[in-house]
Each structure stands twice: as C-alpha cells, then as structure tokens.
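Here are the chains, one letter per residue:
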Protein chains: 2
Amino acid sequence: MSTAPRPTAATGVLYLVPTPLDFGVDGSLPLSGWLPDATLQVASRLTHWITENAKSTRAFLKRVDAVHPLTSPLQSLLIAELPRAAHKKGDHLPDAALDRAARELLEPALQGHDMGLVSEAGMPAVADPGSAVVRAAHAMGLTVMPLVGPVSLMLALAASGLNGQQFAFVGYVPQDASERSQRLRALEGTALKLQQAQLLIETPYRNAALLAALVQTLQPGTRLAVAAGLGLPQQAIRSAPVAAWRQHPQWAAALPLSLPAVFMLGG
Amino acid sequence: MSTAPRPTAATGVLYLVPTPLDFGVDGSLPLSGWLPDATLQVASRLTHWITENAKSTRAFLKRVDAVHPLTSPLQSLLIAELPRAAHKKGDHLPDAALDRAARELLEPALQGHDMGLVSEAGMPAVADPGSAVVRAAHAMGLTVMPLVGPVSLMLALAASGLNGQQFAFVGYVPQDASERSQRLRALEGTALKLQQAQLLIETPYRNAALLAALVQTLQPGTRLAVAAGLGLPQQAIRSAPVAAWRQHPQWAAALPLSLPAVFMLGG
C-alpha cells in the first residue's frame, strides 16, 4: 500500500439523467422520442449510478445500450440505491443522516468518476427524490449537470393553456374526502388570487376519485385541465372550465386515468 | 369554384415544439444536445407555424433542416406571429380579442393542417407566451401535443437541490429596490412556511442586481441557487445557504450573469 498522497485527480461530474415516462407502462417506445442524443450518449458512458431502484435503472440502460452501446458491460456498472429516507416525502428536508448517506453515495465522484442520478421516470429531483444528493454534490464542490429530457409537469402545463408565467406544483392532496375538498378550495383560492396555475398529482389508482372531486368542488368558471399518459399512445389532454366538465361527464370517463396524470387548475 | 361542401377532413394537431436555449447567444450548438429525434422529425414536416418571432423560427428551422431535411422548402412555410397582446404578461388572462386572434391563427388546423407553436427558447407557453393559443385550440376541439425538449426552469430546479416536490415559478420581481426587497422577503416567507421552492427570472442585464439583492435580503440560513447559461458551454450552477454566498462574493462575480439565468430560494 502506498502512503503517498493520492494524486489530485479532477473530481467527477454529477449528471442528472432524465428517463422516459413509460416506466411500468410500456417500455417499448423508442428512446429517440424521449431523450436527445446527447443525453443518451452521456448515459451510455457512465459507470456509476445513483437511483431510486437499481432494477429499473438496469432496464433503462439496456434500452440505452440498444441505441448507444454502453462503454462498460451492464453487469460491471455500479448502481447504488438512494436510502429509503430519500424516497417520496421528506427528501428536501435538511437531515444529517440523509446528508451523510448522500455524501457516501457520491464518494466515487471525489475519486474522479462521473456519476448519473436517475429516478423512475422523468427528471430526477423534480416531483421525485434525489434533491438530497444534489445538495450534497454542491456541498462537496462537484459540478452538477442537468440533461434534457421529459418533465411530465411541464409537458402538461404547456398543453393545458393555463398560466405558464406563474404556476405552482403542490404535489399530493389529502385522501380524506372532506380534507381533500378543503385543500382543493384553498388551491383554487390561491390560483385565482395570485393568477398562479396550481399543478397536482395523485397515485394513479386514485386519479379518478381526484378528478371527480375537482369537478365537484371547484367553481364553474375555474379552468380545469388533465393530462394523462403523457408521451404514451394513450395520451389524452383535456382543458376546459369546470362548468363544461360538469356538462360532459363522458370527458372524465374517456381519460386513461389508470396512467400517471397531472391535474391543473387556474383562472 | 366548386360549391360542393368541403370534404370533412380530420382536423390538424397543434404541436408544442420546444426550441434550444441558445437563442441570441450561440446558435451553433448541435440540436442533438437539445431535442429528441422525434421532436426534430415533427418539426421537419410541419408547414404551418405560430411563433413569437418569425425570423428566429426560420433560423431554428434552418438548423432542423440540417438534421432532418424539411418536407417543404423553408420559403414555402407559413409562419404567423402571435399578436402583440399575447407577448409577455397578460397572455394568460381571458381576453376576447386575444382569443379571436388565437382562433384565427389556428384556422389552418381546422382545414387539416398540423401546426407548430414555438417560442424564442425552451417550451412554448411555459415562462413564455402561447397559452392563449393553447386555450383556443382546446376550445376548437383540436388535439394538443406537447413535445419533449429543454425547459430551463426544470433543468435549474433539478440542479439546485431545492425542493422539487413543492415549488412555484413566480416570474419577475419589481425593479424598484425597495419593492424588490419587500417582494423577496415575501417569497422567502412563502418558501419557508410552505416548504415550497420559489423560482424567479429576470432580464439578463438586471441579473447581477437581482442576485446582489437576494444575497443581501434573504436570511443567512435560506438556500439560494442560481443557474446561468443552462445548456451552454458557459453554464454555471451554484447552490448554497445565503451565509455562504455572503462569505464568498467571488461566487456571484464568477457566474455568467449576462446570460439567461434562473434564481431559486428555499428552506
């Protein structure tokens, strides 16, 4: 073992690698519909990954390999999973244990390896875990490089016709019907007062219930938009005042609400 | 002239076509770094466009042509500009004249032509005009199809390490120094109270003044992040507590703030 100081190699870059929105739905859509070639090229050469789920990252990298052959064989890649604490809610809260875990995950970057951060679908750390790793990367002086790819919230917002110059993503609403109605009314109040479009999401199996609650709870003049199955063959996007949604119950019935969806409301 | 009823052709689709973020900065970066091949393919075959600025759309389409030859010669394309009223602020407000103008722009889609909506940079109708056209398209029963491409706000948010599970884009802040400080304090209050990251933008020549105001006005423990020149060779992203920004005045000085930038703050 040498005791000489390790040569000061340049540190690696943390790439934020977006993934297709067809996770768990339809993995057979060509990657060229989801990602720029430059994103695919970077993904094909990274040997160190941080992910929500190693299995789905391997499946993604298999698809990348078919377009741009991976520099190193898939079996040789180091794919580390985020700690449970980084999943879903709470990821963004300062937490010493989570920060330590994130720094440990980024250790290979200090040794000069470029690394990739991915989530299950879309942009990591946007409506998905990963932000603790990004904060740690900044604290460690690493370069953070976000790559272009699909962001379902923005595809949905652009296609809604709602206010793209002022908007908020508020995540999930309560499951309890009465609490949910109260929360939806509060969001509508904010949307109308601030002219700020409000974007929300739900676990797919509760999408239909959320849409029913929105149509029932909001004021007739409020615009309600739903984008379901974005980027998939089943994609459907509807945007209209609540009064029109009430007049056309078949609209809600026709949406592919078993797929991931974004719900939006505004003035 | 035939008086026979026009055959009921299928209506065209309104594609939302994202464009590179190098507008007015460096038009020579390859499109393969910005857009998936599928987006380029759609752009190459559209003959009818709605845009903020016809000249820059022609420049964009010339770049597309170099990758995927345009189906129709550039000179033959119909490129219509958004009415002035649709630009910048106010685009999202219901306005009868604007709605009429938007419906007129979409007339070719009723005749069966697929159309493309673009802005100067990034996703149309997100932090950019276009939402009035999208609303009109929905009202006319047209299919609205958002395509994947860069969205500077989301690249910035992901790379900031701020809360990507709750965030708001609030647009511009007042220019007057005292009003601006007041607004920044209010945004900080919202960010901390709701755990909602706040994203703002500024005209590039005022970026440096905005950053100075943020560093001066916010509380030491608030996280402040800046992403400047996203996707460009000059790209720089810094994320740290305000106290650290104060201790390192060289950070602000080193950022390429003459380029478009996104400013973000949160808990």
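Predicted model only: the values in this text are computed from it and were never measured.

Colleague: Help me out: how do you make sense of the overall build of chain A in this one?
Modeller: For chain A, the helix and strand inventory stands at 10 helices and 10 strands. Along the first, second and third principal axes, the C-alpha atoms of chain A reach 75 × 40 × 30 Å. Within chain A, buried positions represent 49% of all 267 residues.

Colleague: How should the relation of the copies chain A and chain B be read in this particular structure?
Modeller: In this arrangement, two copies of a chain are superimposed by a rotation about an axis accompanied by a shift along the axis. Between the two copies, chain A and chain B, the superposition gives an RMSD of 0.0 Å; the rotation angle is 180 degrees and the shift along the axis is 0.0 Å. Here the copies are linked by what is in effect a two-fold axis. Mapped onto chain B, 100% of the interface residues of chain A are again interface residues, and the two copies thus contact each other with one and the same surface.

Colleague: Just to check I follow, could you spell out the domain arrangement of chain A for this structure?
Modeller: When the parts of a complex come together, some accessible area is lost, and that lost area is often used as the size of the interface. Residue and element names in this part refer to chain A. Once the domains are mapped, chain A shows domain 1 (13-146) and domain 2 (152-266). Spacing between the C-alpha centres of domain 1 and domain 2 amounts to 29 Å. In this assembly, nine residues from domain 1 lie in contact with eight residues from domain 2. Classifying every residue of the side of domain 1 that touches domain 2 by side-chain character gives five nonpolar, two polar and two charged.

Colleague: How should the interface of chain A and chain B be read in this particular structure?
Modeller: The interface is formed by 48 residues belonging to chain A together with 48 residues belonging to chain B. Elements with a contribution of two residues or more to the side of chain A that touches chain B: helix H1 (37-45), helix H5 (131-139), strand E5 (143-146), helix H6 (152-160), strand E6 (167-169) and strand E9 (236-241) of chain A. Element by element, the count of residues in the side of chain A that touches chain B is highest for H6 of chain A, at five residues. A per-class count over the side of chain A that touches chain B returns 28 nonpolar, 15 polar and five charged. Direction of pairing for E6 of chain A relative to strand E6 (residues 167-169) of chain B: antiparallel, over a ladder of three bridges. For Ala168 of chain A, the partnering residue across the bridge sits in E6 of chain B and is Ala168 of chain B.

Colleague: How should I be thinking about helix H8 (residues 207-217) of chain B in this particular structure?
Modeller: In an α-helix, one turn spans 3.6 residues, which is why side chains three or four residues apart end up on the same side. Residue and element names in this part refer to chain B. Here H8 has its buried residues at Asn207, Leu210, Leu211 and Leu214. Angularly, the buried residues of H8 cover 100 degrees about the axis, an arc narrow enough to put them on a single face. In this fold, the buried residues of H8 make contact with helix H7 (177-194), strand E8 (223-228), helix H10 (249-254) and strand E10 (261-266).

Colleague: What should I look at first to understand the sheet that holds strand E1 (residues 13-16) of chain B in this one?
Modeller: The strands making up a sheet associate through backbone hydrogen bonding, with each pair oriented either parallel or antiparallel. Taken together, the five strands give an open sheet; going across it, the order is E3-E2-E4-E1-E5 (chain B), and neighbouring strands pair in parallel fashion. Each end of this open sheet is capped by a strand with a single partner; those strands are strand E3 (78-81) and strand E5 (143-146) of chain B. Strand-to-strand twist in this sheet, taken as the mean axis angle between neighbours without regard to direction, amounts to 25 degrees. Along the sheet face, H6 of chain A touches E1 and E5 of chain B and points at about 145 degrees away from the line of E5 of chain B. Contacting E1, strand E2 (48-51), strand E4 (115-118) and E5 of chain B, helix H5 (residues 131-139) of chain B runs over the sheet at an angle of about 140 degrees to E5 of chain B.

Colleague: Would you explain the environment of Leu184 of chain B in this entry?
Modeller: Residues and elements named next belong to chain B. Structurally, the position occupied by Leu184 is in helix H7. Put simply, Leu184 and Val173 are 11 residues apart on the chain and 7.7 Å apart in space, counted from C-alpha to C-alpha. Beyond its immediate sequence surroundings of up to four residues, Leu184 is in contact with Val173, Ala213, Leu214, Thr217 and Leu218.

Colleague: Got a minute to help me understand the sheet that holds E5 of chain A in this structure?
Modeller: Residues and elements named next belong to chain A. Spatially, five strands are ordered E3-E2-E4-E1-E5 in an open sheet, and the strand pairing comes out parallel. Looking along the sheet, the strands with just one partner apiece sit at the ends: strand E3 (78-81) and E5. Taking each pair of neighbouring strands and ignoring which way they run, the sheet shows an average axis angle of 25 degrees. Of the strand pairs in this sheet, strand E2 (residues 48-51) and strand E4 (residues 115-118) are connected by four bridges, and their pairing is parallel. By the bridge assignment for E4, Trp49 is matched with Gly116.

Colleague: In this structure, what is going on with the nonpolar core? I would like to understand it.
Modeller: With 162 residues, the main nonpolar core has Leu157 and Ala227 of chain A together with Leu157 and Ala227 of chain B as its most contacted residues. Discounting chain neighbours no more than four positions away, the residues touching Leu157 of chain A are Leu162, Gly164, Phe167, Ala197, Leu199 and Met264 of chain A together with Val126 of chain B.

Colleague: Is there a simple way to think about the packing of helix H7 (residues 177-194) of chain A against helix H8 (residues 207-217) of chain A in this case?
Modeller: The geometry of a pair of packed helices is captured by two quantities: the angle between their axes and the separation between those axes. Residue and element names in this part refer to chain A. Packing of H7 against H8 brings their axes to within 10 Å, and their N-to-C directions diverge by 60 degrees. Overall, the two elements H7 and H8 adopt an arrangement that is oblique. Seen from above, H7 lies across H8 with right-handed handedness. Contacts between H7 and H8 involve Arg180, Ser181, Leu184 and Arg185 on the former and, on the latter, Ala213, Leu214 and Thr217. In the contact of H7 with H8, the residues fall into three nonpolar, two polar and two charged.

Colleague: Which parts of the structure should I look at to understand the environment of Lys55 of chain A?
Modeller: Residue and element names in this part refer to chain A. Within the secondary structure, Lys55 sits in helix H2 (residues 54-67). Residue classification places Lys55 among the exposed residues on the basis of 10 C-beta atoms within 10 Å. Taking the C-alpha atoms as reference, Lys55 lies 9.1 Å from Ile79; in sequence the two are 24 residues apart.

Colleague: Even after reading the chapter, I still don't get the pairing of strand E10 (residues 261-266) of chain A, so can you show me in this structure?
Modeller: The two faces of a sheet get side chains in turn, since along a regular strand they alternate between them. Residue and element names in this part refer to chain A. By the criterion of burial, E10 is predominantly enclosed, with six of the six residues buried. Alternating residues of E10 divide into Ala261, Phe263 and Leu265 and Val262, Met264 and Gly266, and every residue in both groups is buried. Relative to E10, strand E7 (residues 197-201) is paired through four bridges, and the arrangement is antiparallel. Looking at the pairing, Leu199 lines up with Met264 of E10. Pairing analysis gives six bridges linking strand E8 (residues 223-228) to E10, with the strands arranged antiparallel. Across the sheet, Ala225 pairs through a bridge with Met264, a residue of E10.

Here is what the cut-offs are and how they apply
- Residues numbered from 1 in each chain as written.
- Chains lettered and ligands numbered in written order.
- Predicted model: local features only at pLDDT ≥ 70, side-chain atom pairs only at ≥ 80, totals over all residues.
- Helix = DSSP H or I, 4+ residues; strand = E, 2+ residues; numbered from the N terminus.
- Buried ≥ 20, exposed ≤ 12 C-beta atoms within 10 Å, placed from the backbone.
- Least-squares fit on C-alpha atoms with pLDDT ≥ 70 in both.
- Contact = placed C-beta atoms within 7 Å.
- Domains from an automatic or database assignment.
- Nonpolar A, V, L, I, M, F, W, Y, C, P; charged D, E, K, R; others polar.
- Pairing = 2+ DSSP bridges.
- Arc of directions from axis to C-beta.
- Axes fitted to C-alpha atoms, helices over the stretch in contact; angles between N-to-C directions.
- Core = buried A, V, L, I, M, F, W, Y, C linked by C-beta atoms within 7 Å.
- Parallel < 35°, antiparallel > 145°, perpendicular 65-115°, else oblique.
- Left-handed = near helix turned anticlockwise from the far one by under 90°.

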